[in-house]
Number of protein chains: 2
Amino acid sequence: MKVSYQGATGAFSEMAARVMYANSEPVACPTMQSVFRHVTTGRAARGVIPIENSLFGSVHINYDLLLKHRVRITGELMLRVRHCLLAAPGTSLADVTRVLSHPQALGQCEDFLRRTLPHAQTVPSYDTAGAAKLVASASVPGAAAIAARHAAAEYGLAVLAENIESHDQNFTRFLALARPTAANLQQIGDRPFKTSLAFDLKRNVPGALFKSLAVFALRDLDLHKIESRPLVGSPGHYLFYLDVAGRVTTPLLQRALDHLQEITGKLRVLGSYPVGAVWDRYPATK
Amino acid sequence: MKVSYQGATGAFSEMAARVMYANSEPVACPTMQSVFRHVTTGRAARGVIPIENSLFGSVHINYDLLLKHRVRITGELMLRVRHCLLAAPGTSLADVTRVLSHPQALGQCEDFLRRTLPHAQTVPSYDTAGAAKLVASASVPGAAAIAARHAAAEYGLAVLAENIESHDQNFTRFLALARPTAANLQQIGDRPFKTSLAFDLKRNVPGALFKSLAVFALRDLDLHKIESRPLVGSPGHYLFYLDVAGRVTTPLLQRALDHLQEITGKLRVLGSYPVGAVWDRYPATK
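Reference entry: report on the structure contained in this document.

Rules of the game
- Residues numbered from 1 in each chain as written.
- Chains lettered and ligands numbered in written order.
- Predicted model: local features only at pLDDT ≥ 70, side-chain atom pairs only at ≥ 80, totals over all residues.
- Heavy atoms only, no water.
- Least-squares fit on C-alpha atoms with pLDDT ≥ 70 in both.
- Contact = heavy atoms within 4.5 Å.
- Salt bridge = Lys/Arg side-chain N within 4 Å of Asp/Glu carboxyl O.
- Helix = DSSP H or I, 4+ residues; strand = E, 2+ residues; numbered from the N terminus.
- Nonpolar A, V, L, I, M, F, W, Y, C, P; charged D, E, K, R; others polar.
- Pairing = 2+ DSSP bridges.
- Axes fitted to C-alpha atoms, helices over the stretch in contact; angles between N-to-C directions.
- Phe/Tyr/Trp six-rings, centres within 6.5 Å; stacked < 30°, edge-to-face > 60°.
- Lys NZ or Arg CZ within 6 Å of the ring centre and 35° of its normal.

Regarding the relation of the copies chain A and chain B
Piece 1. Turning chain A through 180° and shifting it by 0.0 Å along the axis lays it on chain B, with an RMSD of 0.0 Å. As the rotation angle and translation indicate, the two copies are arranged about a two-fold axis. Considering only C-alpha atoms, the part of chain A nearest the rotation axis is E227(A), at 2.1 Å.

Structure, rendered in structure tokens:
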């Protein structure tokens, strides 16, 4: 089964695809748009996209793509982001004079760098896997990359230090996407479900959001996520993203959605899927 | 007056600093942490940080820094993000063979690139201003950068095309920070205020969030922003970010906050400041 993701081989998205779909064939895409196209055209059975990070927030642009494409969320995964310092085999920590990585990764490893490599120069690069690739191919003496452990295996690099990030709550939530079928709304086993919704409130009426949450609170339906997104240039016009406990095909949630429809403008069910695992182990690659 | 921001000269953050504080001296910082340090130590009178983008969501890591430092939000600005194609003077559109920029900017200009430069190679780089700097310094024939208009003046480049982004709702919201004083909670003129709050809910009790919003709905206080942030690894433990209309020193909002304190765990007022302007014009630089 082909599973498309955005990024270079060795990216965290590739790992999410491998964890969610064992024995699948991950397919690297240059853009998020192409991941969605792979799913809608059937070129891939699934797409895997990052939707929020515990440090960097929701990826609104992926919510936009969800609303634009005929796809359905069929699963989720919370993947722990762990960083390593990678360099060409034979390099020791004392040899490292410059460290390449994505600026966010450099920031997350600031304490380690200050303590262990106070004189190394930091060089921002496009992504963590790309930095590892560059270190592997450029053979610049003293160059190291901050990237995921599995990027070391991918590019033939040695791991000089592990778990070097300061923040111990760094997770990225990934969603799996498929073409909509009746089958991908059905309960599998007895795992609890959640349902992802997007809706807008046409006017900035005080209490409109409160009323739309009442729809769930009055039915004792628990909310996993709530986020307002202002549409700048349309004052008082908001999009809301809501994840609610339950399966969309149950009568209770169906009644809640009927009720919500009375209050809101556009309402879209993005998917109804088993609550995802928190993944803090790293699988062996290749 | 010194105003610190993160990024290279010509970055959108520098422009936000110039728009918010005319005649100020913008000071470039390598990291967000150093912007906060400049403010707390008094090295800069103000700091300007991005807090959310209409396409890429909230910058949670800046919320973390807000909670960690003794600073107060004193203002905000919604800055329109507009992209241009920049190249060395004398270059024409037909000469362009590769386009450098931040991947998000490349994505936002995908339609323009497909239509106008279908054969150009896209090269991801760290940031838009950095791409402009590289194009200016490297003198690679056929290289162009996607960046802000004012980066052209900064690095001596020509503007080949303007407003080339597909998405017409691309805004970044910036916050101004200062050391807390009694003065920076006071009403200036008659501009409406908003107040930014962060609080946590200790248990995932159904309806707890609903009750905390009732605090405002029952008093007809309008909400500008609401966002839940799960603390992965602490199931059922959430942080909430809320922007509510009004000034924190008014009795009505004070009573609402007393009421909220009964329901929530930790509650922090991040600042109370005039509702910011939406800035869609670009000032002349230098």
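Let's pick the thread back up.
Overview of the interface of chain A and chain B
Piece 1. With 43 residues of chain A at the contact, the number on the chain B side is 44 residues.
Piece 2. Counting the contacts that link chain A with chain B gives zero salt bridges.
Piece 3. Every element with two or more residues in the side of chain A that touches chain B is listed here: β3 (46-53), β4 (57-58), α3 (60-68), α8 (208-217), β13 (223-230) and β14 (238-245) of chain A.
Piece 4. Looking at the side of chain A that touches chain B, the element that brings in the most residues is β13(A), giving eight residues.
Piece 5. In terms of residue class, the side of chain A that touches chain B is built from 23 nonpolar, 13 polar and seven charged.

Here we look at the sheet that holds strand β7 (residues 98-101) of chain A
All names here are of chain A.
Piece 1. Spatially, β8-β7-β9-β6-β10 is the arrangement adopted by the five strands of the open sheet, whose pairing is mixed. This sheet does not close on itself; its edge strands, each paired only once, are β8 (121-124) and β10 (158-162). Between one strand and the next, the sheet's axes are offset by a mean angle of 30°, whatever the strand orientation.
Piece 2. Relative to strand β9 (residues 143-147), β7 runs parallel, the two being bridged by three bridges. Bridge pairing in β9 places R98 opposite A143.
Piece 3. Taken strand by strand, helix α6 (residues 128-138) contacts β6 (84-87), β7 and β9, and its axis lies near 155° from that of β9.

Re the packing of aromatic side chains
Piece 1. Evaluated as defined, the whole model comprises seven aromatic pairs over all chains.
Piece 2. Summarising the aromatic geometry, the rings of F199(A) and F240(A) are spaced 5.7 Å apart at their centres and angled 25° between planes, so their arrangement reads as stacked. Residue F199(A) is found in strand β12 (residues 193-201), and its partner F240(A) is found in strand β14; the two are separated by 41 residues along the sequence.
Piece 3. Taken together, the ring pairs connect F199(A), Y238(A) and F240(A) into an aromatic cluster.
Piece 4. We note R247(B) situated over the ring of F193(B); from NZ or CZ to the ring centre the distance is 5.9 Å.

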